[in-house]
Amino acid sequence: MSTPFIPVNEPRLTGNEKAYLRECIESGWISSEGPFVSKFEEAMARKTGRRHGIAVCNGSAALEVAIACLDLGPGDEVILPTFTIISCAAAIVRAGATPVLIDSDLSTWNLRVDEIESRITSRTRAILVVHLYGLPVEMNPVLALARKYGLKIIEDAAEALGQTESGKPCGSFGEISTLSFYPNKLITAGEGGMVLTDDDRLAERARSLRNLCFGKTQRFMHEELGWNFRLSNLNAAVGLAQSERWEESIAKKRQIGRRYTELLAGLPQVQLPLERTATAENLYWVYGLVLTESAGLTAEEAMQKLAAKGVGTRPFFWPMHQQPAFTKRGLFHGESHPNAELLARRGFYLPSGLALTEEQLLITADAVRSLWA
Ligand SMILES: *Cc1c(COP(=O)(O)O)cnc(C)c1O
């Protein structure tokens, strides 16, 4: 008998999700006007140590709002990693600003902080920091550069919710942080995102931008162009229920990561995620592998073989400087960022969702080992 396919992510919806959704239906509050939205905003602001949380419909929208809040536009340069989700660079490009890319560190898979200063010019206005796969970017040197050159910091903490860096919560750094509540994130709302800030003025701006910038006195008179990026009460109900299992979810992620490391340690064909940096313990948002030279396989080949054994995987990100959507616009011409290129070709991640069972984890680790048996 064949075992059922192990999905790369399965969320856990075993708390108050159903009860809160029932409350939405029974009360008739299903739109963004419902009471779960502000409760969810308050819960996430509290968890990240921020004054304000502004819920939006997804994490990509949160990045768009963050860029707009800081008035980044034509002539402005924003530094970010090339190895990240397209939402980061897309928000910058759509605002008319210029993305300036940084290569990756081969051990943490995060952006190379030591490369940032050399890319700062008189036009640089902001650094978009992205914590990848559960290990945070070391923030003190980035914050020092921001102070030295008068730059703003946007922190994309979508993959580092529940993580801390130098003892401070991810989601609390810089002018604005953003979150996503897609089903593979630590907390899911089905779809959803959040803008976090300590600045009252930025918070008000973000609230206005997510809601079409309706007029304050004359509702249908708009001083600025916004979006309808509102989050529904239904999504917020799920998100709030999820946030109640905060500690448990963080512990489960770490347990999955540590277990994979125990089972896969010593394989010369794979580089495992770092267990810790000087300033953080890995949260293992997902459990990534990078194939070494001796693997004799690309990530794509390994992923196909694992799929044939019933194990779902996802490739690592593809670098921004090699995205047709950007190169067609004349961006990043002739750029090379060799570490990010290597990670894209050799990296993928294993089933890491919060509903993963010990049995599924053992089958997965066995399947990985058997690639070279
Ligand atoms: C998931 C994710 C996003 C985008 O979130 P969506 O809700 O899918 O739009 C942005 N940044 C990072 C780092 C992510 O992992």
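Predicted model only: the values in this text are computed from it and were never measured.

Trainee: Help me out: how do you make sense of the packing of aromatic side chains in this one?
Mentor: Each pair of aromatic rings is reported with the distance of its centres and the angle of its planes. Applying the stated criterion across every chain yields a total of 17 aromatic pairs. On the numbers, 4.9 Å between centres and 35° between planes, the contact of Tyr 260 with Tyr 287 is tilted. Highlighted residues: Tyr 260 in helix α9 (residues 246-264) and Tyr 287 in strand β11 (residues 287-291), separated in sequence by 27 residues. Overall, the relative accessible area of 1% leaves Tyr 287 in the buried class. Here Tyr 284 and Tyr 287 contribute two aromatic rings whose centre-to-centre distance is 5.8 Å and whose plane-to-plane angle is 25°, an arrangement assigned as stacked. Neither residue differs from the other here; Tyr 284 and Tyr 287 are each classed as buried. Taken together, Phe 83, Trp 109, Tyr 133, Trp 285, Phe 316, Phe 317 and Tyr 349 form an aromatic cluster joined through their ring pairs. Lying over the aromatic face of Phe 173, Lys 168 brings its terminal NZ or CZ to 4.7 Å of the ring centre. The ring of Phe 214 has Arg 219 lying over it, and the distance from NZ or CZ to the ring centre is 3.8 Å.

Trainee: How should I be thinking about the domain arrangement of the chain in this particular structure?
Mentor: For an interface, size is often stated in terms of accessible area lost upon the parts coming together. For the chain, the assigned domains are domain 1 (17-243) and domain 2 (246-370). Between the C-alpha centres of domain 1 and domain 2 the distance comes to 24 Å. Contact residues are listed per partner, giving 41 residues for domain 1 and 42 residues for domain 2. For the pairing of domain 1 and domain 2, the buried interface totals around 3,600 Å² over both sides, and the portion due to carbon and sulfur atoms is 69%.

Trainee: I'm lost on the sheet that holds strand β3 (residues 98-102) in this one. Help?
Mentor: Strand pairing in a sheet takes place through backbone hydrogen bonds and is either antiparallel or parallel in direction. Read across the sheet, 7 strands follow the order β1-β9-β8-β5-β4-β2-β3 without closing on themselves; strand pairing throughout is mixed. With one partner strand each, in any of the chains shown, β1 (52-56) and β3 form the two edges of the open sheet. Neighbour-to-neighbour, the strand axes of the sheet open up by a mean angle of 20°, direction not taken into account. Bridge count for strand β4 (residues 124-130) against strand β5 (residues 152-156) is 5 bridges, and the pairing is parallel. Bridge pairing in β5 places Val 129 opposite Glu 155. Taken strand by strand, helix α7 (residues 200-210) contacts β1, β8 (176-180) and β9 (193-197), and its axis lies near 15° from that of β1.

Trainee: Please explain the environment of Leu 186 as it appears in this structure.
Mentor: Along the chain, Leu 186 turns up in the loop between β8 and β9. For Leu 186, a relative accessible area of 2% puts it in the buried group. When the C-alpha positions of Leu 186 and Glu 335 are compared, they lie 34 Å apart, and in sequence the two are 149 residues distant. Contact partners of Leu 186, with chain neighbours within four places excluded, come to Leu 161, Gly 162, Gln 242, Trp 246, Ser 249, Ile 250, Lys 253, Trp 285 and Leu 354.

Basis of the calculations
- Residues numbered from 1 in each chain as written.
- Predicted model: local features only at pLDDT ≥ 70, side-chain atom pairs only at ≥ 80, totals over all residues.
- Heavy atoms only, no water.
- Phe/Tyr/Trp six-rings, centres within 6.5 Å; stacked < 30°, edge-to-face > 60°.
- Helix = DSSP H or I, 4+ residues; strand = E, 2+ residues; numbered from the N terminus.
- Buried < 20%, exposed > 50% of the residue type's maximum accessible area, 1.4 Å probe, protein only.
- Lys NZ or Arg CZ within 6 Å of the ring centre and 35° of its normal.
- Domains from an automatic or database assignment.
- Contact = heavy atoms within 4.5 Å.
- Buried area = accessible area lost by both parts, 1.4 Å probe.
- Pairing = 2+ DSSP bridges.
- Axes fitted to C-alpha atoms, helices over the stretch in contact; angles between N-to-C directions.

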